[in-house]
There are 2 protein chains.
Amino acid sequence: MEKTSCLHFCFISCLVLFIIVGSWYRSSISSLPGYSLQTQKPIYHSAETPHHPLDPLTVKEINRVRTILSSYEPFSFTFPTIHTILLDEPDKVQVLKWRKGDPFPPRKAQVLALLNGQSHVLNVDLDSIRVTSHVINPRSGYPMLSMDDISAASEAPFSNAEFNKSIAARGVSSSELICLPPSAGWFGPNEEGKRVVKVLCFSNQGTPNFYMRPIEGLVMTVDLDTMEVLKFSDTGRDIPIPKSTDTDYWYTAQKKEPQMEPLNPISIEQPKGPSFRVEDGHIVKWANWVFHLKADHRAGLVISRVMVRDSENGELRDVMYKGFASEFFVPYMDLDESWYFKSYMDAGEFGLGMSALPLVPLNDCPRHSYYMDGIFATPDGNPFVHPNMICLFERYAGDISWRHSEGLLTDFQIREARPKVTLVARMAASVGNYDYIFDWEFQTDGLINVKVGLSGMLMVKGSPYHQAPNQDAMSGPLISENLIGVVHDHFVTFHLDMDIDGANNSFVNVNLVKERSLPEESPRKSYLKAKRKIAKTEKDAQIKLKLYDPSEFHMINPSKRSRLGNPTGYKIVPGGTAASLLDHSDPPQLRSAFTNSQIWVTPYNKSEQWAGGLLTYQSRGDDTLAVWSERDRSIENKDIVLWYTLGFHHIPCQEDFPVMPTVTSGFELKPVNFFESNPILRAAPAFEKDLPVCRPSASP
Amino acid sequence: MEKTSCLHFCFISCLVLFIIVGSWYRSSISSLPGYSLQTQKPIYHSAETPHHPLDPLTVKEINRVRTILSSYEPFSFTFPTIHTILLDEPDKVQVLKWRKGDPFPPRKAQVLALLNGQSHVLNVDLDSIRVTSHVINPRSGYPMLSMDDISAASEAPFSNAEFNKSIAARGVSSSELICLPPSAGWFGPNEEGKRVVKVLCFSNQGTPNFYMRPIEGLVMTVDLDTMEVLKFSDTGRDIPIPKSTDTDYWYTAQKKEPQMEPLNPISIEQPKGPSFRVEDGHIVKWANWVFHLKADHRAGLVISRVMVRDSENGELRDVMYKGFASEFFVPYMDLDESWYFKSYMDAGEFGLGMSALPLVPLNDCPRHSYYMDGIFATPDGNPFVHPNMICLFERYAGDISWRHSEGLLTDFQIREARPKVTLVARMAASVGNYDYIFDWEFQTDGLINVKVGLSGMLMVKGSPYHQAPNQDAMSGPLISENLIGVVHDHFVTFHLDMDIDGANNSFVNVNLVKERSLPEESPRKSYLKAKRKIAKTEKDAQIKLKLYDPSEFHMINPSKRSRLGNPTGYKIVPGGTAASLLDHSDPPQLRSAFTNSQIWVTPYNKSEQWAGGLLTYQSRGDDTLAVWSERDRSIENKDIVLWYTLGFHHIPCQEDFPVMPTVTSGFELKPVNFFESNPILRAAPAFEKDLPVCRPSASP
């Protein structure tokens, strides 16, 4: 979430570095024994062409966009700063119609740029080589921070006299400082009309984990376009900088072994190679699944055109047109001058894809993983490769797909069990201190399991205390000497454009209602009854989950029925979650009003992709999912989109210091009367004869 | 849940069969390449002696109990039917004091028996060779059904004239019938004073999956002790028996392959063997964990004396004295004469351990698993071996323990990630149609993940319909021709005797409360504040979970504080769950009133182990956790037990036919200020050089 990744340096050197690192990773991958040739990918992207209407813009296409913009008349004097160049996806109808070999729908790009403090939204047609639309400041808010914004803002303090004076008074040398520019949020008219950022600093003396060494209370509000310091706040001079002791998490820095028995090597092995294929760079085929997978600057990872093969008749059936993390809201619970604004919207303000660094083979993803790169644009409009941003792997975790044993009551001695093997697409974003792991896991029984893991570093607050006399007076628990782990929430809002057997679907609330029996009717006094209510309009589908008024939530195709007359459908199955409790009128909640419900359903609208609005930075909340939904459009038997918000309350603890063990939660998309019967009834068990023969590595 | 497992036959042959099957499994296990010698176990149990005060009764000890009872004067004329012979665990104080090499506390057994329709609870001292206490009918309720009860009841219909007439009228031959005796529940005084069971029948013509072929509406209420048919109900003659088509789930019976790409072999491999050891038959040691693991007749799997090693100072610290599934409540939502009573309490009525059949290697548990047997007693008091009832394995699922990447903002190029390897103890109970998979998963970061998976067969209802004209009028959806999947719930109540750094603990509700800021105080209008409330008495700890009034629930040791002053603790982290919505006065809910809250905390009391009472069968609910908790005893800084109920609402669907893909949910026990910092900070990453070298099996 907060802070951010990347960059004070020239992008050319960075690109070179990435290519080197990327090649190294790849060579290590392709040298794995048994690694299938079919899952290898081209090492260089410069010659690539798109193979599917949803393929992201290629290196060549991004270059062409830059060329088009360079000769675009309004930019002839000054080239704008590019914040995003993304594929402007063709209309859904065109994509659904398209078949391999067909001519492509026109390739288009959406560009978010900034010029003279104004937001520019442009659409560029790559075929006709022209800008087809251009809107300035369509609503409140700016594009996400560019790498240059972040880089420049992080340097801003060093030329500020007040700042340098304060640092000197604290006995801190500027050479040990690392400053980060978290977003400023939006808190009323005072800071409107200009792009502002908050700059906070940390000491990296003695540790790479500077996050644990905040210079508390020192915060500068900086105008991102002039680099002027608008406000200087310095309240924490009596708060010591926490020591660096035990903050370093690098493996090479660990002086001793942990006091536990070492683990023998363990690995998921598939000597015949993984069972999936990646065709044309983005089409993933595995078992009964086919989908399009790509890296995205903002969402991180986008899954599209998800289809599952009916295991009985072989038909390839639509499940989901597009699924991705649309926004990530992280409000902290501290009113101090240097904390109140911390209410990040990580996708729209920083970009989950922009913040994704290369996955670490064997540790972020198991052996035999396939890695996919992201191709984005630099602030000057050049293509930029994020190597190994997504991994794809087959998982066997020792779980059971289904089982049944029969005892001795009958003549049957039944011991039937099937191992569960799944396919995982993973991306990890390092948005400053926090690391977010996104998993999309596909099961052969048709279930899609979506998980979000939180790791990385806490956003911590300096404190005068070594021992807390009254922790209730603080905004979170003391987690180390002079360090408070401030209470905060995480909300991830997923855009789930379900297309169950086609685009037109309905949303059904299958409510479990307690009924009472009549006297004499039964020895039972009560029972539950499932009552189906089809949502007619958007407001019918603004759902807050209730443990004591439970429902299942189905997306169904009312025109497609099973042989028994049940509509085909998928249900969303929430796991552990949390709700936002902030006042609806509180500025952060207003901007993230899409967390006011856990579930929403909207009619499909290509422009409604981002739950916090297209332009999120300093937005006022005038373009959120909550605003769209208030229009209360009809959603019955229409092309509709399901939105689900997964939440975490986080009260930190000592175990989160200096780096947090991963916390995971998620939800499932599960077939419900979609198949005529259990689609993995005929799946084969594992047999000893098929399993690999392994020996310990030759290394000593 | 319902129906049950096992038996019309003599136990000797059964024992022989089990030994043969068990040996076969074992020989297949021990022949695995690299399988470590240290995890092998003795093939024969007859010579075993206990090594730990909590070790279950051995074959020899069960024989000794039978001998003691045989010469016990009140049983000199008639030997009672034995329903349970279990270790009567020594007092906790004695167990905690005991060290390896110390003399054992006296070995004792608890016996639940039945004689002349009365429940007998006996305690037997194996050292002094005598019955030390003997109580008859201490409360309402009977011991769980014995294998003989089940066997006899399942035969009862065949000698009943009315039954045979009805069957003949339906055109069903008795040779195709399989009858099962689900428990009758308790519905007021009419059926008190005698043990009753309901007997239902199915046709197995054309399929081993007779559960999908119910003889609907035919139900006999049978006196278990006289085998008299008390009531004969026959309402479903117009309902056809569903066809056997597509019901067979045996792999060998599948005529065609599913239409999906076949998967290449995949396996969790550890050529240096697993990292865990099982010492003295029951003590499991792995990484930083030590615990006692045993099979239990009623609970299935019991984890005791759980200790985790502090990774910094090496100290072995108490976490949990005992954890197990105490009861499993499964109410169905149908008022019909042949359905209303279906409100099973599977642990107390049938026994989760009694219902556990041998796990299937490679399919129920991965390669390199270690298998543990259960030793229980037959109705005549003889020892009886349940082979391969528990498996223990190390899991690597491609997950991430913790990670952090740092971008280019600083000079650091950080790519730190650690793979997550865990240890799983698993048991699967097949309580008639349903299969319940219990996983206790231990993580090196101190977290314990408890999961329950549901698979096996639905309890289905015959229906006249092929196509449902109005499904809302039925008690569940049509899931196949003439088959309704009746709506039902599953509630698993866990007994979690947490001992955080010692026995005396407190339960803290850390409530996240929304606070409003004062005008002018902050640009923010609201924030959350964590407020800690220590539960003084039991009623303070009767917790219903609330999404919009959230809390963390901590078990802490108020006398043991971290260096920062935080009490050491663990929290319980619910995942997806469901609450029972039945009327509190409804008989099934009265008996399972322990599901009225999701969380309870009681003072430790050796006699309060079973949430539904010691004698559950036909109990009236006078000995449940809810009754104990109403005493409102003090629980602050005391030896206390945490109870958590995991729930599932189940609205069946076509995919659940003819066998259900596993549905899983669970909860976590997670350290909170228990460690001074992240205990796996110093954990090593995986290195390519350490991983195995594998080749495809030699088989064609």
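Computed from a predicted structure; not experimentally measured.

What counts and how
Residues numbered from 1 in each chain as written. Chains lettered and ligands numbered in written order. Predicted model: local features only at pLDDT ≥ 70, side-chain atom pairs only at ≥ 80, totals over all residues. Heavy atoms only, no water. Phe/Tyr/Trp six-rings, centres within 6.5 Å; stacked < 30°, edge-to-face > 60°. Helix = DSSP H or I, 4+ residues; strand = E, 2+ residues; numbered from the N terminus. Buried < 20%, exposed > 50% of the residue type's maximum accessible area, 1.4 Å probe, protein only. Pairing = 2+ DSSP bridges. UniProt positions renumbered as here; feature names shortened; annotations may be inferred. Contact = heavy atoms within 4.5 Å. Buried area = accessible area lost by both parts, 1.4 Å probe. Salt bridge = Lys/Arg side-chain N within 4 Å of Asp/Glu carboxyl O. Polar contact = N/O pair within 3.5 Å; in protein donor to acceptor, adjacent residues only side chain to side chain. Nonpolar A, V, L, I, M, F, W, Y, C, P; charged D, E, K, R; others polar. Disulfide = S-S within 2.5 Å. Axes fitted to C-alpha atoms, helices over the stretch in contact; angles between N-to-C directions. Domains from an automatic or database assignment.

A.B. asks: How would you explain the packing of aromatic side chains if you had to name every residue and give the values?
C.D. replies: Residues and elements named next belong to chain A. Using the criterion set out here, one finds 54 aromatic pairs over all chains in the structure. Between the aromatic rings of Trp-440 and Phe-494, the centroid separation amounts to 6.0 Å while the plane-to-plane angle is 75°, which identifies the pairing as edge-to-face. Of the two residues, Trp-440 is situated in strand E19 (residues 434-443) and Phe-494 in strand E24 (residues 488-498); the sequence distance between them amounts to 54 residues. Just as Trp-440 is buried, Phe-494 falls in that class too.

A.B. asks: Help me get a handle on the pairing of strand E30 (residues 638-650) of chain A, residues and values and all.
C.D. replies: Residues and elements named next belong to chain A. Of all 13 residues that make up E30, 11 are buried, and the element is covered over most of its length. As defined by bridge partners, strand E25 (residues 504-516) adjoins E30 across 2 bridges and the pair is classed as antiparallel. What sits directly across from Asn-505, in E30, is Lys-638. Two elements, strand E29 (residues 599-603) and E30, share 5 bridges in a ladder whose sense is antiparallel. The partner of Thr-602 across the bridge, within E30, is Val-641.

A.B. asks: Break down the UniProt feature "domain: Copper amine oxidase N3-terminal" (unreviewed entry) in chain A for me, with residues and values.
C.D. replies: The UniProt record annotates "domain: Copper amine oxidase N3-terminal" (unreviewed entry) at residues 143-242 of chain A. Helix makes up 18% of residues 143-242 of chain A and strand 28%, and the two end C-alpha atoms of the span are 35 Å apart.

A.B. asks: Describe the interface of chain B and chain A, with residues and values.
C.D. replies: Each partner contributes to the interface: chain B provides 208 residues, whereas chain A provides 208 residues. Buried area between chain B and chain A, both sides added, is near 18,700 Å², and the carbon and sulfur share of it is 58%. Linking chain B with chain A are 22 salt bridges. Measuring nitrogen to oxygen at the nearest pair gives 2.7 Å for the salt bridge that ties Asp-583 of chain A to Lys-514 of chain B. Between the two partners, chain B and chain A, sit 106 residue pairs in polar contact (both at pLDDT 80 or more). At 14 residues, the largest contribution of residues to the side of chain B that touches chain A is made by strand E17 (residues 383-406) of chain B. Per-class residue counts for the side of chain B that touches chain A are 103 nonpolar, 56 polar and 49 charged.

A.B. asks: Account for the state of the cysteines, with residues named and values stated.
C.D. replies: All names here are of chain A. Counted according to the given criterion, the structure contains 5 disulfides over all chains. Covalent S-S linkage joins Cys-365 and Cys-391, the inter-sulfur distance amounting to 2.1 Å. With the S-S bond torsion at -90°, the cross-link from Cys-365 to Cys-391 turns out left-handed. Remark: Cys-391 occurs in strand E17 (residues 383-406) and Cys-365 occurs in the loop between helix H6 (346-349) and strand E16 (370-377); sequence separation between them is 26 residues. By relative accessible area, Cys-365 is classed as buried at 0%. Residue class for Cys-391 comes out buried when judged on its relative accessible area of 0%.

A.B. asks: Go over the sheet that holds strand E22 (residues 478-480) of chain B with me, naming the residues and quoting the values.
C.D. replies: Residues and elements named next belong to chain B. The antiparallel open sheet is built from 3 strands, whose spatial order is E21-E23-E22. Strand pairing shows two members of the sheet lacking a second neighbour, strand E21 (460-462) and E22, which therefore form its edges. Taken pair by pair, the neighbouring strands of this sheet meet at an average axis angle of 45°, ignoring direction. Direction of pairing for E22 relative to strand E23 (residues 483-485): antiparallel, over a ladder of 2 bridges. When the sheet's bridge partners are listed, Ser-480 is paired in E23 with Leu-483.

A.B. asks: Account for the domain arrangement of chain A, with residues named and values stated.
C.D. replies: All names here are of chain A. Split by domain assignment, chain A resolves into domain 1 (11-136), domain 2 (147-251) and domain 3 (277-690). Opposite the 36 residues of domain 2 that make contact, domain 3 presents 39 residues. Approximately 3,100 Å² of surface area, both sides summed, lies buried where domain 2 meets domain 3, with 68% of it carried by carbon and sulfur atoms. Among the residues of domain 2 in contact with domain 3, Met-147, Trp-186 and Phe-187 are the three that bury the most area, contributing 22% of the side total. The tally of links from domain 2 across to domain 3 stands at 2 salt bridges. The salt bridge involving Lys-231 is made with Glu-337; its shortest N-O contact spans 2.9 Å. For the interface between domain 2 and domain 3, the tally reads 11 residue pairs in polar contact (both at pLDDT 80 or more).

A.B. asks: Give a description of unusual backbone geometry that names residues and reports values.
C.D. replies: Residues and elements named next belong to chain A. Cis geometry marks the peptide bond from Phe-657 to Pro-658, where omega comes out at 0°. In this structure, Pro-658 sits in the loop between E30 and strand E31 (660-671). The phi angle at Asp-246 is positive, at roughly 60°, despite the residue not being glycine. Here Asp-246 lies in the loop between strand E8 (229-234) and strand E9 (267-269). Even without being glycine, Asn-388 reaches a positive phi, approximately 45°. Mapped onto the fold, Asn-388 is located in strand E17.

A.B. asks: Can you lay out the sheet that holds strand E8 (residues 229-234) of chain B for me, pointing to particular residues and giving the numbers?
C.D. replies: All names here are of chain B. Strand order in the open sheet formed by 4 strands is E5-E6-E7-E8, with antiparallel pairing between adjacent strands. A strand with exactly one partner marks an edge of an open sheet, and here the two such strands are strand E5 (177-180) and E8. This sheet shows a mean twist of 25° between the axes of neighbouring strands, independent of strand direction. Sheet strands touched by helix H5 (residues 161-169): E5, strand E6 (196-203), strand E7 (214-223) and E8. Its angle to E7, the strand with the most contacts, is close to 175°.

A.B. asks: Any chance you could break down the environment of Lys-165 of chain B for me, citing the residues and the numbers?
C.D. replies: When you line up the elements, Lys-165 of chain B lands in helix H5. When the C-alpha positions of Lys-165 of chain B and Tyr-527 of chain B are compared, they lie 71 Å apart, and in sequence the two are 362 residues distant.

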